[in-house]
Amino acid sequence: MKTDVAIIGSGPSGLMLGHLLRQAGVEAVIVERQSKEHVLSRIRAGVLETVTTDILEDLDIADRMRAEGLPHDGFNLADGERLIRIDIKALTGKQVMVYGQTEVTKDLIDAAPARGLEIIWEAEETALHDIESDAPYVAFTKDGAQHRIEARFIAGCDGFHGPSRKAVPEASGRGFEKVYPFGWLGVLCDAPPCDHELIYANHENGFALASMRSMTRSRYYIQVPLTEQVEDWPDDKFWEELCRRLPPAAAANVTRAPALEKSIAPLRSYVFEPMRHGSLFLAGDAAHIVPPTGAKGLNLAASDVRYLSRALIAWFKKNDAEGLAGYSQTALARVWKAERFSWQLTMLMHRFPEDGPFDRRIQLAELDYIATSETARRAIAENYVGLPL
Ligand code: FAS
Ligand code: PHB
């Protein structure tokens with residue numbers, strides 16, 4: 001099989017990139033390890049910046065998001081008792097869209113066949129070859145047969161655990177990592193959210209987040225030590241702890257319903273530099289990971305894809321290599337600012353095992369500063385809605 005761009009991974013990065021390339025008449029094929037059902041079953045991000053919604057709008061794959069998504073004008077930080085509203089609409093003129101990554105992925109997958117975007121599901125042993133040449137290829141096994149896709153470029157959209165980043169020779173790249181000493185225990189349930197906007201809470205016991213997928217489906221998280229297992233958290237215990245950590249008025253509005261999904265995700269900050277090696281380009285979680293506190297993961301994938309698709313289209317359509325040459329530097333400049341914001345909000349809103357009373361007072365002072373300074377709230381708002389591309 002021959003194509004212009006072989007894309008590894010059918011998550012948001014691979015799907016958005018594939019669609020943008022096909023829309024411009026550039027050939028692309030996606031190779032995905034999992035089944036379509038598995039990919040569609042994942043519960044991940046919930047908040048979309050305009051960088052992501054604009055891609056869906058430009059692809060004309062936004063009808064369901066417009067019909068079912070929830071545009072939000074603000075979100076809240078809580079310091080135990082008090083709700084501190086960050087009015088992102090008034091402070092930045094922008095909104096965010098609450099529409100689950102699961103739905104984004106479904107919309108992009110459903111639109112693929114009609115737009116000539118081939119997705120090869122359940123590909124095994126995917127390997128990248130000759131990435132330092134002008135004729136790289138992706139080899140994989142499917143239904144017991146060996147296959148290869150020859151391409152001019154390979155886009156590594158295969159997430160943190162995929163093979164693409166690992167294909168870069170050790171001497172040619174470097175990772176920067178910070179691992180946090182806790183995870184997020186997440187619960188999805190069919191119950192109305194406790195508030196019409198998101199609430200990020202910093203409580204003595206730890207962080208909590210009240211989010212949603214619709215006005216009838218809620219998504220909640222609490223910070224837990226990395227030693228915890230999902231089995232340690234029956235529903236009742238989760239609801240008790242969540243309601244302990246949310247401000248009383250919000251806790252009183254929590255509807256306790258059976259967990260449809262319950263999982264623990266570890267938190268880390270990670271960036272790999274550079275995001276290009278020869279004919280291989282990395283995008284999304286393959287290149288960087290953020291703690292979900294700033295709702296940046298999916299949206300950073302979107303900005304990488306926006307930069308990379310423009311550069312690839314310029315190369316194929318105008319023989320212009322400037323965008324590709326500048327991709328890594330351009331993408332990393334935005335990645336690192338999102339990493340900073342996600343780290344800042346994680347440090348502000350979580351309890352760290354090594355923290356003492358002084359650290360707790362500093363957190364409360366910073367929250368009090370945010371509550372009393374429009375400048376501080378504007379800084380948070382402009383990062384939360386997403387810095388300009
Ligand atoms: P993904 O990891 O989504 O997609 C990579 C794809 O590559 C997958 O489909 C995988 O199966 C495939 N792949 C891997 N290895 C392969 C191989 N060898 N061959 C072929 N295919 C291969 N972000 C937020 O903003 N908010 C959140 O609340 C949030 N929660 C998260 C919870 C969890 C458990 C995880 C893991 C991430 C969460 N994220 C969250 C971040 C998440 O949304 C990512 O940023 C987003 O999925 C990035 O999209 P991709 O770069 O496409 O990577
Ligand atoms: C979610 O709804 O899953 C969600 C929302 C905002 C975040 C993280 C997760 O910052």
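How each quantity is defined
- Residue positions within a chain follow its written sequence, with the count starting from 1.
- As a convention, the first chain written is A and the first ligand written is 1, with the rest following in written order.
- Local features in this predicted model are restricted to residues whose pLDDT is 70 or higher, and side-chain atom pairs enter the listing and the counts only when it is 80 or higher, whereas totals over whole chains, interfaces and linings include all residues.
- The basis for every side-chain value is the complete set of non-hydrogen atoms in the structure, without hydrogens or water.
- The helix count covers DSSP runs of H or I at least four residues long, the strand count covers runs of E at least two residues long, and both are numbered beginning at the N terminus.
- Salt bridges are counted wherever a side-chain nitrogen of Lys or Arg sits within 4 Å of a carboxyl oxygen of Asp or Glu.
- Think of it in three bands: with a 1.4 Å probe and only protein chains considered, a residue is buried below 20% of the maximum accessible area for its type, exposed above 50%, and partly exposed in between.
- We call a residue near a molecule or strand whenever a single non-hydrogen atom of that residue lies within 4 Å of it.
- Any pair of N or O atoms that falls within 3.5 Å is considered a polar contact. Within protein, one atom must be able to donate a hydrogen and the other to accept it, and sequence-neighbouring residues count only if both atoms are side-chain atoms.
- Areas reported here follow the Shrake-Rupley algorithm with a probe of radius 1.4 Å; residue values treat only the protein chains shown as occluding.
- Strands pair, by our definition, only if DSSP identifies at least two bridges between them.
- Note on geometry: axes are C-alpha line fits, over the in-contact stretch for helices, and angles between N-to-C directions span 0 to 180 degrees.
- Two residues form a contact once any of their heavy atoms are found within 4.5 Å.

(A) Unusual backbone geometry, seen in detail. Along the chain, E273 connects to P274 via a cis peptide bond; the corresponding omega equals -10 degrees. Here P274 lies in the loop between β17 (261–273) and β18 (276–277). Of note in this structure, E125 is not a glycine but carries a positive phi near 55 degrees. As for its position among the elements, E125 is in strand β9 (residues 124–129).

(B) Representation of the pattern of salt bridges. Under the criterion given, the structure shown has 27 salt bridges. With its nearest N and O atoms 3.1 Å apart, the salt bridge here joins E204 to R351. Of this pair, E204 sits in the loop between β14 (199–203) and β15 (206–212) while R351 sits in the loop between α10 (322–349) and α11 (357–372), placing them 147 residues apart in sequence. Between E241 and R245 there is a salt bridge, with the nearest N and O atoms lying 2.8 Å from each other. Residue E241 and its partner R245 are located together in helix α7 (residues 235–245), separated by four residues, close to a single helical turn. No difference in accessibility class separates E241 from R245, as the two residues are buried. Look at the salt bridges and you will find they share partners, linking R64, E68, E103 and D107 into a network.

(C) Inspection of the site of ligand 2 at higher detail. Near ligand 2, the surroundings consist of 14 residues, among which Y200, S211, R213, Y221 and P292 are the closest. The separation between an oxygen atom of ligand 2 and a polar main-chain atom of P292 is 2.7 Å. Contact distances for ligand 2 include 3.4 Å between an oxygen atom and a backbone N or O atom of T293. Surface burial for ligand 2 is 97%, taken as the share of its 280 Å² of free accessible area covered by protein chains. Of all the secondary structure elements, the ones that give two or more residues to the shell around ligand 2 are β15 and β16 (218–224).

(D) How the structure looks around the sheet that holds strand β10 (residues 137–142). Strands sit in the order β9-β10-β11 across an open sheet of three strands; the sheet is antiparallel. Only two strands of the sheet have a single partner each, and these edge strands are β9 and β11 (145–150). Recorded for the sheet is a direction-independent mean angle of 20 degrees between the axes of neighbouring strands. For β9 and β10, the ladder comprises four bridges, and the chain directions are antiparallel. Note that in β10 the partner of A127 across the bridge is A139.

(E) Expanded view of the sheet that holds strand β20 (residues 288–289). With mixed pairing, the eight strands of this open sheet are ordered in space as β6-β5-β14-β15-β16-β13-β17-β20. Across the chains shown, the open sheet's two edge strands, defined by having one partner strand only, are β6 (83–86) and β20. The pairing of strand β13 (residues 174–189) with β17 spans 12 bridges and is classified as antiparallel. Of the residues in β17, the one forming a bridge with F176 is V271. In the packing of α10 onto the sheet, the strands contacted are β5 (75–78), β13, β14, β15, β17 and β20, and the crossing angle to β17 comes to about 135 degrees.

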